[in-house]
Amino acid sequence: AGSAVQAGPYTFKDAPSTIAWATTLGEPTLMRYFVDCRVLLASLKSQASTEASILQDEANAKKAGYNTAAKASIAFSFLITFPEAIFKVSSANKDAVHGGMVFTSF
């Protein structure tokens, strides 16, 4: 329990078990297990990209230590509480009761 690792709906005995599972799956199969609603919602917000913006996204991901922009997006999605595709920050007093978060349309 104390050393258990949870990855989405899966719980592993410990970190070595998790690494063995991930190594067995390999890429890109492994990434499918980590695409959740936050990643999908973030992809809704994405606009059509130019070649230059795609290259910049990939370069930024490599600088941050990820092999691809997709991997970086998945990793960072776990840090996003309120996906910007459906929520935005509001400073209006009436929205304070909701923690300053309101629905947005896209």
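What counts and how
Residues numbered from 1 in each chain as written. Predicted model: local features only at pLDDT ≥ 70, side-chain atom pairs only at ≥ 80, totals over all residues. Heavy atoms only, no water. Helix = DSSP H or I, 4+ residues; strand = E, 2+ residues; numbered from the N terminus. Buried < 20%, exposed > 50% of the residue type's maximum accessible area, 1.4 Å probe, protein only. Contact = heavy atoms within 4.5 Å. Areas by Shrake-Rupley, 256 points an atom, 1.4 Å probe, with all protein chains shown as cover. Phe/Tyr/Trp six-rings, centres within 6.5 Å; stacked < 30°, edge-to-face > 60°. pLDDT = per-residue confidence, 0-100. Polar contact = N/O pair within 3.5 Å; in protein donor to acceptor, adjacent residues only side chain to side chain.

1. Remarks on the overall build of the protein
Looking only at helices and strands, the protein features five helices and four strands. Order of helices (α) and strands (β) in the protein, N terminus to C terminus: β-β-α-α-α-α-α-β-β. Out of the 106 residues belonging to the protein, those deemed buried represent 20%. Taking as baseline every contact in the protein between residues at least 6 positions apart, the subset at least 24 positions apart corresponds to 32%. In the form shown here, the protein has an accessible surface area of approximately 7800 Å², with 61% of it arising from carbon and sulfur atoms.

2. Notes on the packing of aromatic side chains
Going through the model one piece at a time under the given rule, you end up with one aromatic pair. Here the aromatic rings of Phe12 and Trp21 are separated by 4.9 Å at their centres, their planes lie at 40°, and the arrangement is tilted.

3. Things to note about the confidence of the model for the protein
For the protein, the mean per-residue pLDDT works out to 78, and 76% of the residues sit at or above 70. Element-level pLDDT for the protein is lowest in helix α3 (residues 37-45), with a mean of 67, against a maximum mean of 91 in helix α4 (residues 51-63).

4. Brief notes about the side chain of Ser90
Here Ser90 shows up in the loop between β3 (87-89) and β4 (101-103). Looking at Ser90, the relative accessible area reads 18%, which means it is buried. Look past the residues within four positions of Ser90 in its chain and what remains in contact with it is Asp95, Gly100 and Val102.

5. Section: the environment of Phe103
Relative to the helices and strands, Phe103 is located in strand β4. Since its relative accessible area comes to 68%, Phe103 is described here as exposed. As for Phe103 and Lys88, which are separated by 15 residues in sequence, their C-alpha atoms are 6.4 Å apart. In this structure, Phe103 is in contact with Ile86, Phe87 and Lys88, ignoring residues within four places of it in sequence.

6. Re the environment of Ser90
As a C-alpha pair, Ser90 and Met101 span 11 residues in sequence and 5.8 Å in three-dimensional space. A polar contact of 3.2 Å, which involves the side chain of Ser90, links it to the backbone nitrogen of Ala92.

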